[in-house]
Number of protein chains: 2
Amino acid sequence: MGGFRGLRLMDTHPASSADGARVVRRAISLLREVSAARGNGATLKMLADSAGLPQPTAHRLLKVLQAEGLLERDAASRAYRLGSLLYEFGLAAVPRVDARRLCAGTLERITRAVGDTTYLNSRSGNDALCLDRREGSFEIHALPIEIGNRRPLGVGAGALAVLASLPSTEADAVIEANARRYRRHGLTAERIRIYVEATRARGFAITSGRIVAQYRGVAIAVGNGIGGVPASLAVVAIAERLDPRRVEQVARILIREEKSLREVLAIAPAGPTESPVP
Amino acid sequence: MGGFRGLRLMDTHPASSADGARVVRRAISLLREVSAARGNGATLKMLADSAGLPQPTAHRLLKVLQAEGLLERDAASRAYRLGSLLYEFGLAAVPRVDARRLCAGTLERITRAVGDTTYLNSRSGNDALCLDRREGSFEIHALPIEIGNRRPLGVGAGALAVLASLPSTEADAVIEANARRYRRHGLTAERIRIYVEATRARGFAITSGRIVAQYRGVAIAVGNGIGGVPASLAVVAIAERLDPRRVEQVARILIREEKSLREVLAIAPAGPTESPVP
DNA sequence: CCCGGAATTCCACCATGTGAAATTCAACAT
DNA sequence: ATGTTGAATTTCACATGGTGGAATTCCGGG
């Protein structure tokens, strides 16, 4: 296949086995970017950009993914979104341990206690993934994070709590890998590192409307994760509903719920068999 | 990239746009094969075989897919299964119209009425996909079809009903494309064509333990499909519980439920926007 | 009508993916 | 123990399938 002439743009996965299929990795990288896109999906430009691919290359791959049903495309906006085949694969891919089910009660209790929207996040590669959500009585307007949405670990309260719960060396690697992506959120790797430190010192994460202005989040990491996968519980509300005093209250509730969740998880079975290639 | 010397083995997707990424298509084809595998997953041999790829090629692609988290591998049996990243994508890929939700009541009512296991199937490419299931009081032992499992359209009652509901030209194309796969189920394209004819004449599908001996299924297609996607309702039981007289009863129930389901669907919104590439 | 940015198509080029063949590994029988 | 069979894995010389800069088309706004 083709050569490349210009400067090297790619390398979305810096530390990956050399041999294999570059194209396949690129295609998957595009899928990840599409599933990271919030709201109405992502345009070719955005995707090519964030996957670090030249536009024509991205275009070609996206076309194949669409033809195969992994992606769909909005006729009007030309934006790509995940396709029905991925939904179908999702049905067949039963998770080793079902985090959503295990945490359903916890989420519900927190939401009832605080009245605001509650999130369950988990780590997925360099991303935080929104696994589940309970809407509080005080609705968040302005596109909230949906179930299945991704963003770089560290961006947002829930994602920050997950990142801070990783071993230092691993957290550093993630921050490094995400450096470029932070910029699109008006952040830098350096700043994230500071946040992580603060989160570790404090024991839980707080964010102040960096992503969507006017919103604030409080989040706590779940013990050693769920089935070995790092995870967090988060509460998000408009900033004025989360003054320092109330942050304190919410944090107390989160700490309590995390503790009892950890006990439940201690009984549940262990992690996967051989997921990452040796 | 590489040339090929031996005879042409591939062509899982006979009618697909020439230009693009062959590798990507092959990789996706492998994913489909993995998700078609029942029970404990699929071995390299099986996958290479059914995807029509030389073993080393399949091996290389599977390794990448595993490294990226789309596949996992059982340490002991070396068998591949769908990975957690696909589950995660599935969360984000909200279906245009939620067939499972729309048919939940129907499935429950049928199961209660007949006492045996009931399935909701839909078409996905050349496959029938098990979208949902309700266990009857008379359990099916011997690995039943799980939610998310696939098999070639035409193999099994539910899959046959879906196939027979397609326009003749389309059904023929599907049968043609699946010819090789039928053989692995002890069937032939010719025989499937006969079954389709019989199903159309009868108005519903019956199968007699072709797949798993001793079992029998009765199935009916759902009007014009669900959100434009062809689908079926099926009841499966051990053969002795489905003698001709009882088949008649079950069919009556299916016909009644299909009718009322069709009315519910008439209110629900329409199909996708621009899924298959022009 | 014309402009700017995004989407799409072209196409010369060669690095990348290919697959037959050889090697290792695992399970089972002798 | 030792051979035997079949699957999994690695190797490597080769030429084709993928590449991406440049050119073209499309679309929305002024």
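Residues numbered from 1 in each chain as written. Chains lettered and ligands numbered in written order. Predicted model: local features only at pLDDT ≥ 70, side-chain atom pairs only at ≥ 80, totals over all residues. Heavy atoms only, no water.

J.: Would you mind going over the overall build of chain A with me for this structure?
T.: A tally of helices and strands in chain A yields 9 helices and 8 strands. Per-residue burial for chain A yields a buried fraction of 52% across its 278 residues. If you take every contact in chain A between residues at least 6 apart in sequence, the share linking residues at least 24 apart comes to 55%. For chain A, the exposed area adds up to about 12900 Å²; of that, 53% sits on carbon and sulfur atoms. (Helix = DSSP H or I, 4+ residues; strand = E, 2+ residues; numbered from the N terminus. Buried < 20%, exposed > 50% of the residue type's maximum accessible area, 1.4 Å probe, protein only. Contact = heavy atoms within 4.5 Å. Areas by Shrake-Rupley, 256 points an atom, 1.4 Å probe, with all protein chains shown as cover.)

J.: Which parts of the structure should I look at to understand the pairing of strand β4 (residues 127-134) of chain B?
T.: Where a strand is regular, its side chains alternate between the two sheet faces. Residues and elements named next belong to chain B. Burial of β4 is extensive: 8 of the 8 residues sit out of reach of the surface. Bridge count for strand β3 (residues 117-124) against β4 is 7 bridges, and the pairing is antiparallel. What sits directly across from N121, in β4, is C130. Where β3 folds back on β4, the antiparallel hairpin that results is connected by 2 residues, among which G125 adopts a positive phi of roughly 65°. (Pairing = 2+ DSSP bridges.)

J.: Explain the interface of chain A and chain B to me, please; I cannot follow it from the model alone.
T.: It is common to report an interface's size as the accessible area lost on association of the parts. The partner chain B presents 55 residues to the 55 residues of chain A that form the contact. A buried area of about 4800 Å², summed over both sides, lies between chain A and chain B, and 64% of it is on carbon and sulfur atoms. There are 4 salt bridges connecting chain A and chain B. We note a salt bridge from R150 of chain A to E88 of chain B, for which the minimum N-O separation is 2.7 Å. For the pair chain A and chain B, the interface holds 6 residue pairs in polar contact (both at pLDDT 80 or more). Counting residues per element, the ones that place at least two in the side of chain A that touches chain B are α1 (22-36), α3 (55-67), β1 (71-73), β2 (80-82), α4 (84-92) and β4 (127-134) of chain A. (Buried area = accessible area lost by both parts, 1.4 Å probe. Salt bridge = Lys/Arg side-chain N within 4 Å of Asp/Glu carboxyl O. Polar contact = N/O pair within 3.5 Å; in protein donor to acceptor, adjacent residues only side chain to side chain.)

J.: Just to check I follow, could you spell out the packing of helix α2 (residues 44-51) of chain A against α3 of chain A for this structure?
T.: Working note: a packed helix pair is described by the angle between its axes plus the distance between those axes. All names here are of chain A. Relative orientation of the contacting elements α2 and α3 amounts to 110°, with a least axis distance of 9 Å. In terms of axis orientation, α2 runs roughly perpendicular to α3. Contacts between α2 and α3 involve L44, K45, L47 and A48 from the first element and Q55, A58, H59 and L62 from the second. Taken together, the residues of the contact of α2 with α3 sort by class into 5 nonpolar, 2 polar and 1 charged. (Axes fitted to C-alpha atoms, helices over the stretch in contact; angles between N-to-C directions. Parallel < 35°, antiparallel > 145°, perpendicular 65-115°, else oblique. Nonpolar A, V, L, I, M, F, W, Y, C, P; charged D, E, K, R; others polar.)

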